[in-house]
Structures are given as C-alpha cells and as structure tokens.
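In case you want the letters, here they are:
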Amino acid sequence: MEKYNQLLLQNRAWVEQMLREDKDFFNKLANTQKPEFLWIGCADSRVPANQITGTQPGEVFVHRNIANMVVHTDMNMLSVLDYAVNVLEVNHVIVCGHYGCGGVRAAMGHKQIGLIDNWIRHIKDVYRLHQDELEAITDDKQRENRFIELNVMEQVYDLGKTSIIQNAWQRRGGYPYIHGWVYDVANGIIKDLKVSMHDDSEMPDVYKFEKMRRV
Ligand code: CO
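Residues numbered from 1 in each chain as written. Predicted model: local features only at pLDDT ≥ 70, side-chain atom pairs only at ≥ 80, totals over all residues. Heavy atoms only, no water.

Here's the deal with the coordination of the cobalt ion
1) Next: On the protein side, the cobalt ion has Cys42 (SG), His98 (NE2) and Cys101 (SG) as donor atoms, found 2.0 to 2.3 Å from it.
2) Next: Every donor residue of the cobalt ion comes from the same chain, spaced as C-x55-H-x2-C. Of this pair, Cys42 sits in strand β1 (residues 37-42) while Cys101 sits in the loop between β3 (92-99) and α5 (102-108), and the two are 59 residues apart along the sequence.
3) Next: Take Cys101: its relative accessible area is 1%, and that puts it in the buried class. (Donors = N, O, S within 2.8 Å, 3.2 Å for Na, K, Ca; no water. Helix = DSSP H or I, 4+ residues; strand = E, 2+ residues; numbered from the N terminus. Buried < 20%, exposed > 50% of the residue type's maximum accessible area, 1.4 Å probe, protein only.)

Encoded structure:
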C-alpha cells in the first residue's frame, strides 16, 4: 500500500476512537469554533501544536511557517492574527520556537538554499540585533540555542509592534497576552521564556501608535 493511504486509514481509526470517547465530539465542533489560543509555530514536522500541548480540535488556532516568524508584510500571518484577535477573540497568542530549528541554523550560516534565503534573512536581522551577545558564546550549540530563544523573543515584540495587537490591547483591556515559548524536540518539554506582553509599557516609543479614534 502507498504510504499516503495509511493516513486515510488512520483518519478513520481516529474518528472511531473519538466517537467512542464522545459520540457528540464532531457535532459539537461542526458549527462553531471558540479557541482560546493562537499558536504561531515553526512548520517543522516535529512540532505539532495540538499534540505537544495535549489539546483537541477546536482549542488552538494555528499559524505555522519556517522558524515561527512574525513578518509584517506577510499577508497570511496578518490575516490569521487579525481574525484570531478580532473575530475569534483569543486571549493568548503563543509564539513557539524549537531547539534544533533548521531555519535558525541556516540563518547563522552563509549557504544558499534557494528562495527561502530571502525568508531566512528576517532571522539574520535578529542575529544582527543580538550579535554581541551571540558571538560571546563560544560553544556552537549553546549559541544556536540562544539564537533560537532570542528569535522567539523578537517575534513576541514584533507582534506587539503590529497595529492589530496594539488596538486589541486598547479595546480589550490588555488582551490578548502574548507569550514566547521554546519546544525541545529532544525531550518534548516546552520552556516558557517569560517574555509575556499585555501592554506597550516595555516597547520602545517609536513603535507606539496613537490610539485609534472611533466615531
Ligand atoms: Co524550525
């Protein structure tokens, strides 16, 4: 049997299992979703948002790209963010990176891969911001791990720089909270980087927008 057919078989088995546990599981999800979380994660196959957080369909709205980036010209990311924050009204946005991230590793090197080089350049910008700290770390693996953490932190700040998040904080009394996490593919543990933001108090002034006037 072709390998992909296995996925369809596993899907049927999963449906049966879910129905055994709760016969209304799919009926309840059929008409609406009310997720509490937006997840911005890496496209890496080892970091599936639901599985590693023990969550079910309906609980997490998910956007994934290479190296969990918040790029302000990315219409896909902006649309997901706007919908999650303003329509679904999620209370938490989680940026989750992971140790061993190939995108971040590529950003430390000089090899050309292809079109992706232009995406990876955004990660190089994070390196340049933190060059002194990173280059003071002599161990290659430790430097890479720190770069992965700093990249997540910068994406958290980048979310805070968007008009979408700043307007939501204003309108929704500090929600959504934004969090930065790193998943370890080697042991399955998620580390909270404790860089949560729910207002612009720590944001450099130049990024702060005036409050929107509503008529
Ligand atoms: Co990755």
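Now that the structure has been shown, the text picks up again.
Structural notes on the domain arrangement of the protein
1) Next: The domain architecture assigned to the protein consists of domain 1 (1-32) and domain 2 (35-200).
2) Next: On a C-alpha basis, the centroid separation for the pair domain 1 and domain 2 is 30 Å. (Domains from an automatic or database assignment.)

Quick word on helix α9 (residues 163-171)
1) Next: Among the residues of α9, those classed as buried are Ile164, Ile165, Gln166, Ala168 and Trp169.
2) Next: Buried residues along α9 sit in contact with α4 (75-87), α8 (140-160) and β4 (177-184). (Contact = heavy atoms within 4.5 Å.)

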